[in-house]
Amino acid sequence: MTTIPTTSPDLNRQAADGSGPRGLGERLRHGLGLLGPRHGRHALPAQLLDTLALPIGDDGVVAGVDAEGQPAVLGINRPTPYDVVLIGGLWTAQVLALRSAATGARVAVETGRPQAWMQMVHAMGGGQNGLSVYDVGRVPPQGASAGTPVVVVRDCGMRPPRGRVVSGPWQSVLTLLPYLSPVAPRLLRQARLAGIQRVSPDEAAELGRTMGLTRTEVESLPALPDGVTLWCTDRDRQYVLTQPTDAETGLLGTPRRMD
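These numbers come from a predicted model, not from an experiment.

Rules of the game
Residues numbered from 1 in each chain as written. Predicted model: local features only at pLDDT ≥ 70, side-chain atom pairs only at ≥ 80, totals over all residues. Heavy atoms only, no water. Patch = residues over 30% accessible without salt bridge, like charges linked within 9 Å, V, L, I, M, F, W, Y side chains within 5 Å. Areas by Shrake-Rupley, 256 points an atom, 1.4 Å probe, with all protein chains shown as cover. Salt bridge = Lys/Arg side-chain N within 4 Å of Asp/Glu carboxyl O. Helix = DSSP H or I, 4+ residues; strand = E, 2+ residues; numbered from the N terminus. Buried < 20%, exposed > 50% of the residue type's maximum accessible area, 1.4 Å probe, protein only. Contact = heavy atoms within 4.5 Å. Axes fitted to C-alpha atoms, helices over the stretch in contact; angles between N-to-C directions. Parallel < 35°, antiparallel > 145°, perpendicular 65-115°, else oblique. Left-handed = near helix turned anticlockwise from the far one by under 90°. Nonpolar A, V, L, I, M, F, W, Y, C, P; charged D, E, K, R; others polar. Core = buried A, V, L, I, M, F, W, Y, C linked by side-chain atoms within 4.5 Å.

Enquirer: Quick one: what's the story with a nonpolar patch on the surface, residue by residue and with numbers?
Expert: On the surface, Met 158, Tyr 179 and Met 258 cluster together into a nonpolar patch covering about 260 Å² of accessible area. For Met 158, the location among the structural elements is in the loop between strand E6 (150-155) and strand E7 (171-177).

Have a look at this one:
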C-alpha cells in the first residue's frame, strides 16, 4: 500500500516563504495581506538618476513671461507675512487678483472705486467664488490658513491709509499705487516685492535712489510698454510681460498702464 505523504518538499518550501496555503493563512492571521504579483526588480545605475528629474517650476501666480519667454511666477501664498507694492495700472492688479483666485486663494479688495471691480465680482459669481470687494477701512478679518490663503488687494489711491488688515501667515497684501507718492518710500521699504510699470523720468530717478536700481533700469522705466513690469526684490530684478488669456481680455480688455 502506498502511503500519501502529508507534506512534500515543495509544500514545505511554500509554507516557509508564505506562497502556499499554509503560509498564506499565517500571513493573513498576522495582518500581512495578500501577496502581490512577482516581478523582476527594477534597477537604475546611479549615473542615470539625474534623468528622473521632473520639470517642476516655482509654485505661485503666473505674472507673465520673462525675457527668455519662460513663465515668471510670483510666490504670493506664503506661511509668512508678505507685502507687495505695485506702482502701475489697475489692469495688472486685476489680472493678478484673478490669477490668485484661480490658484485657490480668497481675494479681498479694499478700494475707493468699487465700480471698477464689480465686473470682476459679477463674472466670478457675485463674490461667492473667491473675490470680495470692500470700502476703504472696511475689510473684516479674513481667517487665512494654509488651506484657504488670502490675498488682500489695496486699491486706495495715491495715499492709502494704514490698513486694518495687514499681512500675516498665509495672508499677503498687494498695494496698488498709480504713481510714486509721498507714502511710496515707506511702503517700498516694508515690501518684500515691488513691481514698477511705466513712470515719468523724475519718478524713475527717485525710484532709482530709493531702491538702488542701476542706471540702465532707471532709464528703461519711462519707456516700458503696456503690460511690462519690472519686478524687484532685495537681490533680483526681472522684466515681466503680462500676456492676458482670451477670458481675461474679454473681461478686462487689453493691457494698459492708465485707466
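Enquirer: Which residues make up the pattern of salt bridges, and what values do they have?
Expert: A side chain with one charge can pair with a side chain of the opposite charge if their charged atoms come near. Scanning the model with the defined rule gives 8 salt bridges in all. Put simply, Asp 226 and Arg 198 hold a salt bridge, and the shortest N to O gap is 3.1 Å. Highlighted residues: Asp 226 in the loop between helix H7 (215-220) and strand E9 (228-232) and Arg 198 in the loop between strand E8 (193-196) and helix H6 (201-211), separated in sequence by 28 residues. When its relative accessible area of 36% is taken as the criterion, Asp 226 is described as partly exposed. On the basis of relative accessibility, which here comes to 27%, the residue Arg 198 falls in the partly exposed class. Residue Glu 219 pairs with Arg 215 through a salt bridge whose shortest N-O separation is 3.0 Å. Of this pair, Glu 219 and Arg 215 both sit in helix H7, 4 residues apart, roughly one helical turn. Here Glu 219 and Arg 215 have matching classes, each one exposed.

Enquirer: Explain the environment of Pro 140 to me, and be specific about the residues and the numbers.
Expert: Following the sequence through the fold, Pro 140 ends up in the loop between strand E5 (131-134) and E6. For Pro 140, a relative accessible area of 31% corresponds to the partly exposed category. It is 9.2 Å that separates the C-alpha atoms of Pro 140 and Ala 108, two residues lying 32 residues apart in sequence. Residues in contact with Pro 140, not counting those within four places in the same chain, are Tyr 134 and Val 165.

Enquirer: Before we move on, could you go through unusual backbone geometry and cite the residues and values that matter?
Expert: With phi around 65°, Trp 170 is a residue other than glycine that occupies positive phi space. Here Trp 170 shows up in the loop between E6 and E7. Among the residues examined, Trp 170 registers a relative accessible area of 25% and is labelled partly exposed.

Enquirer: Which residues make up the side chain of Ser 100, and what values go with them?
Expert: Tracing the backbone shows Ser 100 in helix H3 (residues 90-102). Sequence-distant contacts of Ser 100, defined by excluding residues within four places in its chain, comprise Val 61, Ile 76, Ala 105, Val 107 and Val 151.

Enquirer: How would you sum up the packing of H3 against helix H4 (residues 115-123)? Please name residues and give values.
Expert: Interhelical geometry of H3 versus H4 gives an angle of 30° and a closest axis separation of 12 Å. Between H3 and H4, the crossing angle belongs to the class labelled roughly parallel. Relative to H4, the crossing made by H3 is right-handed. In contact with Leu 90, Ala 93, Gln 94, Ala 97 and Leu 98 of H3, H4 contributes Ala 116, Trp 117 and Met 120. Of the residues in the contact of H3 with H4, the class split is 7 nonpolar, 1 polar and no charged.

Enquirer: Which residues make up the environment of Pro 149, and what values go with them?
Expert: Looking at the secondary structure, you find Pro 149 in the loop between E5 and E6. Overall, Pro 149 belongs to the buried group, its relative accessible area being 8%. Each C-alpha atom of the pair Pro 149 and Ser 100 lies 9.6 Å from the other, and the pair is 49 residues apart in sequence. Residue contacts for Pro 149: discarding those within four places in its chain leaves Asn 77, Gly 104, Ala 105, Arg 106 and Trp 170.

Enquirer: Can you tell me about the nonpolar core, naming the residues and giving the values?
Expert: Met 120, Val 153 and Trp 231 are the most contacted members of the largest nonpolar core, which totals 33 residues. Top element by residues in this core is H3. It accounts for 8 residues. When sequence neighbours within four positions are dropped, the list of residues in contact with Trp 231 reads Ala 63, Leu 74, Val 84, Leu 86, Leu 96, Leu 193, Ala 194, Gly 195, Asp 236, Arg 237, Gln 238 and Val 240. Ile 87, Leu 187, Leu 188 and Leu 221 belong to the second largest nonpolar core, which has 22 residues in total.

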